[in-house]
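As a plain string of letters, each chain reads:
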Amino acid sequence: MKLKQIIIVMVYLIVSLKIGVAQTKLDLMIDHPIQSEKRYELMKSYAKAHYGLDHANLINPQMIVIHYSAIATLKQTLAAFESDNISKSRNRLASYGDVNVGTHYVVDQDGTIYSLLPTTLMARHVIGFNHTAIAIENVASDQGKLTDEQIRSNALLVDMLAKKHPSIRYMIGHLEYMNQTMPHFELFKENIKEYEPSIKIDPGFAFMRRLRNHLRVQYNLKL
Ligand SMILES: [Zn+2]
């Protein structure tokens with residue numbers, strides 16, 4: 001009888017341990033909210049000026065945009081998104097809207113995922129598509145610093161988002177946003193003609209190739 005009890009306890013412990021090990025970076029996601037009423041109002045003004053919309057809600061998002069932060073550390077990356085207002089030092093951006101740049105998620109170098117904004121709200125991260133695009137920012141000073149853990153966590157997030165929002169049809173790297181030969185470009189919208197999109201290099205073609213491959217192989221997802 002005693003042996004039987006020991007076996008039951010052992011089996012229980014092994015099962016618990018296995019469940020523990022199976023926890024993904026999604027289960028371990030950390031909340032780091034940056035939303036405020038002020039940010040919403042500023043984003044709403046941006047949405048009005050650039051998209052002719054009277055709100056800053058992300059309704060039926062149709063794409064995901066992958067970025068890297070061009071900042072070496074998690075702490076500084078998170079700090080860059082915290083203010084509601086854009087820094088006056090970012091002259092060009094500041095003249096086309098007061099709302100700070102934002103992101104829905106930040107993925108650290110070890111793959112830890114931080115949630116900054118709900119995917120029901122717009123963030124300012126990609127000219128021409130903020131009205132319909134969810135943002136994932138990866139902590140890295142340049143593309144050579146991106147990690148395998150970030151590939152895995154980006155894929156986990158994209159798979160989760162694609163299930164949560166069946167409206168999602170495209171995933172692009174920021175550097176692909178102005179590529180008019182890609183199907184996502186039909187969603188481009190910008191009412192201020194002088195607001196010229198700049199050339200972006202994040203997160204690099206290699207990262208996008210690897211992420212797409214991982215999504216296809218591990219999740220049977222073609223984006
Ligand atoms: Zn970017």
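That block above? That's the structure.
Criteria and cut-off values
- Residues numbered from 1 in each chain as written.
- Predicted model: local features only at pLDDT ≥ 70, side-chain atom pairs only at ≥ 80, totals over all residues.
- Helix = DSSP H or I, 4+ residues; strand = E, 2+ residues; numbered from the N terminus.
- Buried ≥ 20, exposed ≤ 12 C-beta atoms within 10 Å, placed from the backbone.
- Contact = placed C-beta atoms within 7 Å.
- Expected span 1.5 Å × (residues − 1).
- Arc of directions from axis to C-beta.
- Core = buried A, V, L, I, M, F, W, Y, C linked by C-beta atoms within 7 Å.
- Pairing = 2+ DSSP bridges.
- Axes fitted to C-alpha atoms, helices over the stretch in contact; angles between N-to-C directions.

**Student:** Explain the overall build of the protein chain to me, and be specific about the residues and the numbers.
**Tutor:** For the protein chain, the count of helices and strands is six helices and six strands. For the protein chain, the succession of helices and strands along the chain, N to C, is α-β-α-β-α-α-β-β-β-α-β-α. With respect to the principal axes defined by its C-alpha atoms, the protein chain has extents near 80 × 35 × 30 Å. Here the protein chain holds 223 residues, and the buried ones make up 33% of them. Within the protein chain, residue pairs in contact and separated by at least 24 positions form 75% of the contacts whose partners lie at least 6 positions apart.

**Student:** Would you mind going over helix α6 (residues 205-219) in detail, with residue names and values included?
**Tutor:** With 15 residues, α6 extends 20 Å between its outermost C-alpha atoms, agreeing within 8% with the 21 Å of an ideal straight helix rising 1.5 Å per residue. Listed as buried for α6 are Phe207, Leu211 and Leu215. Buried residues of α6, seen end-on, are gathered within an arc of 70° and therefore sit on one face of the element. Counted as exposed and oriented over 90 degrees from the buried face of α6: Phe205, Ala206, Arg209, Asn213 and Val217. Looking at the buried side of α6, the elements it contacts are β2 (63-68), α5 (148-164) and β6 (170-173). One or two residues past the end of α6 sits Asn220, with phi positive at roughly 55°.

**Student:** Give me the lowdown on the nonpolar core, citing residues and values where you can.
**Tutor:** Formed by 46 residues in total, the largest nonpolar core has its most connected members in Met63, Ile64, Val65, Tyr105 and Ala133. No other element matches β2, which puts five residues into this core. Beyond its immediate chain neighbours, meaning those up to four positions away, Ala133 contacts Pro61, Met63, Ile64, Val65 and Val126.

**Student:** Can you break down unusual backbone geometry residue by residue, with the values?
**Tutor:** Residues Asp202 and Pro203 are joined by a peptide bond in cis, for which omega reads -5°. Tracing the backbone shows Pro203 in the loop between β6 and α6. Of note in this structure, Asn220 is not a glycine but carries a positive phi near 55°. As for its position among the elements, Asn220 is in the segment after α6. A tally of 8 C-beta atoms within 10 Å means that Asn220 is categorised as exposed.

**Student:** Help me get a handle on the environment of Gly173, residues and values and all.
**Tutor:** Note that Gly173 resides in strand β6. The sequence separation of Gly173 and Ile201 amounts to 28 residues, and the corresponding C-alpha distance is 8.7 Å. Among residues more than four places away in sequence, those in contact with Gly173 are Ile66, Pro203, Phe207 and Met208.

**Student:** Tell me about α5, and name the residues and values.
**Tutor:** Helix length check: α5, at 17 residues, gives a terminal C-alpha distance of 24 Å against a target of 24 Å (1.5 Å per residue), a fit within 8%. All buried positions along α5 are accounted for by Gln150, Ser153, Asn154, Ala155, Leu156, Leu157 and Val158. Turning to α5, the residues buried within the fold contact β2, β3 (105-107), β4 (113-115), β5 (133-138), β6 and α6.

**Student:** Outline the sheet that holds β5, supporting the account with residue identities and numerical values.
**Tutor:** Two modes of strand pairing occur in sheets, parallel and antiparallel, and in both the strands are linked by backbone hydrogen bonds. Pairing in this open sheet of six strands is mixed, and the strands run β1-β4-β3-β5-β2-β6 from one edge to the other. Here the strands that pair on one side only, and so sit at the sheet edges, are β1 (30-31) and β6. Looking at chain direction, β3 and β5 are connected through three bridges and run parallel. Across the sheet, the residue bridging to Val107 is Asn138, located in β5. Along the sheet, α5 makes contact with β2, β3, β4, β5 and β6, crossing β5 at roughly 165°.

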